[in-house]
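Fold and geometry: a report
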Amino acid sequence: SIMRKRKTADSPHTSTDLSEEKEKLRLKKEVGLISGVSFIAGTMIGSGIFMSPEWVLHQMGSPASSLLIWAACGLLATFGALSYAEIGTIIKESGGDYIYILRIFGPFPAFLFAYTSVILVRPASLAAICLSFAEYAVAPFYPGCSSPQVVIKCAAAACILLLTIINCLNVRLATSIMNIFTAAKLLALLVIVVGGLVLLAKGQTQSFQNAFQNTTAGIGVVGAAFYQGLWSYDGWNNLNYVTEELKKPEVTLPRAVMIAIPLVTGLYLLVNVSYLAAMTPSELLSSGAVAVTWGDKVLGSWAWLISLSVALSTFGSANGTFFSGGRVCYVAAREGHM
């Protein structure tokens, strides 16, 4: 027994020390309600709302049915986010899906989730978002022709490196950038909304006459339309990845969800109305990038602002994806799964 006591005393890391170290390893609570709302809305509003509307309309066939799909996608995202807010107030740990799977189903499925998230899902998602950013960011430098792929890829790589540095330096810096870019993209969407309201006031309501005409029915069609619409709502659960960094998470998390998702849903519906006010359904379907076509029709020589807005929007969304993805690595490492 003396030898056992001596070994315990000489050991640099006893089980008590390790548990104490684990308890001490916590990120600072620096995310408030405004940052939480910006985080959800900023991650959700990416390139989707500027590109997906034509595909939802293509699946559904009529303007009114496509608007119903957008509203239903927002409702579905709200239900999912409220469920996550409930579990987030019970399990007050960062990591989102990973930590919930770990606490409810055990370490093996949680490890599989962390492995696929860190190695495949997050990097692929981030690469796709940054490529969208690069495509719109370099487009003004190549007017009248398509941008070289090597330039787009280099710009996307530079975006990833810049976001890496920002997120490594400081949490407050990353959230400040998120707040700024969320404000910028909300302003851009408001410009589109106001432009659409002006067009409606002038009597451009052709797209809304017999609005349900040519609606296509079928479970497969509706499912495909939901798939296209929900891509624009992706990111509704991202605040759960940073629960430990929230100030008063039991209050901030549900409030941020109930502010951000209805706000984004309302904006998405109004932006779609604006697109349909500026273009006929056939024009919208033939557009390669709906927002850019809207800018050409409504803003004229100021249409470049739309390309800039899409670039800013995708950059902010990439920052949110980076911010939450890093927490999966951090929590998985803390649990011994890295």
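Residues numbered from 1 in each chain as written. Predicted model: local features only at pLDDT ≥ 70, side-chain atom pairs only at ≥ 80, totals over all residues. Heavy atoms only, no water.

- The name given to the protein chain in an unreviewed UniProt entry is b(0,+)-type amino acid transporter 1, with the source organism recorded as Pterocles gutturalis.
- The Sequence similarities (unreviewed entry) field of the UniProt record for the protein chain holds the comment "Belongs to the amino acid-polyamine-organocation (APC) superfamily."
- Of the protein chain, the UniProt comment under Subcellular location (unreviewed entry) reads exactly: "Apical cell membrane". (UniProt positions renumbered as here; feature names shortened; annotations may be inferred.)

1. Examining the UniProt feature "transmembrane region" (unreviewed entry) in the protein chain
- Residues annotated by UniProt as "transmembrane region" (unreviewed entry) correspond here to residues 31–52, 64–85, 97–118, 154–174, 180–201, 256–278 and 298–318.
- End-to-end, the C-alpha atoms of residues 97–118 are 13 Å apart, and along that stretch the chain is 95% helix and 0% strand. (Helix = DSSP H or I, 4+ residues; strand = E, 2+ residues; numbered from the N terminus.)

2. Section: the environment of Thr-321
- Tracing the sequence through the fold places Thr-321 in helix 15 (residues 304–334).
- Sequence separation of Thr-321 and Tyr-142 is 179 residues, and the distance between their C-alpha atoms is 29 Å.
- Residues in contact with Thr-321, not counting those within four places in the same chain, are Thr-43, Arg-122, Ser-125, Leu-126, Ile-129 and Asn-238. (Contact = heavy atoms within 4.5 Å.)

3. Focus on the confidence of the model for the protein chain
- Summarising the model, the protein chain shows a mean pLDDT of 84, and 92% of its residues fall at 70 or more.
- When mean pLDDT is compared element by element in the protein chain, helix 7 (residues 97–105) scores highest at 93, while helix 1 (residues 2–10) scores lowest at 42.
- Long-range and interchain partners of residues 1–15, a stretch whose pLDDT sits below 50, account for four contacts in this model, where long-range means more than four residues apart. (pLDDT = per-residue confidence, 0-100.)

4. Let's talk about the pattern of salt bridges
- Summed over the entire model, instances satisfying the criterion amount to six salt bridges.
- Glu-250 is paired through a salt bridge with Lys-92; the nearest N and O atoms lie 3.6 Å apart. On the criterion of sequence distance, the pair formed by Glu-250 in helix 12 (residues 249–278) and Lys-92 in the loop between helix 6 (63–90) and helix 7 is long-range, its members being 158 residues apart.
- For Glu-250, a relative accessible area of 40% gives the class partly exposed.
- A salt bridge links Glu-335 to Arg-103; the shortest N-O distance between them is 3.0 Å. Placement of the pair is Glu-335 in the segment after helix 15 and Arg-103 in helix 7, with a sequence separation of 232 residues.
- On the basis of relative accessibility, which here comes to 19%, the residue Glu-335 falls in the buried class.
- The structure contains a network of salt bridges with shared partners spanning Glu-93, Arg-103 and Glu-335. (Salt bridge = Lys/Arg side-chain N within 4 Å of Asp/Glu carboxyl O. Buried < 20%, exposed > 50% of the residue type's maximum accessible area, 1.4 Å probe, protein only.)

5. With respect to the nonpolar core
- If you look at the biggest cluster of nonpolar residues, it comprises 70 residues, and the most contacted ones within it are Ile-40, Ile-49, Phe-50, Leu-239 and Tyr-275.
- In terms of residue count, the dominant contributor to this core is helix 12 (13 residues).
- The residues touching Leu-239, leaving out its near neighbours within four places in the chain, are Gly-36, Phe-39, Ile-40, Leu-246, Leu-253 and Ala-256.
- By size, the runner-up hydrophobic cluster in this structure holds eleven residues, among which are Tyr-98, Leu-102, Ala-110 and Ala-332. (Core = buried A, V, L, I, M, F, W, Y, C linked by side-chain atoms within 4.5 Å.)

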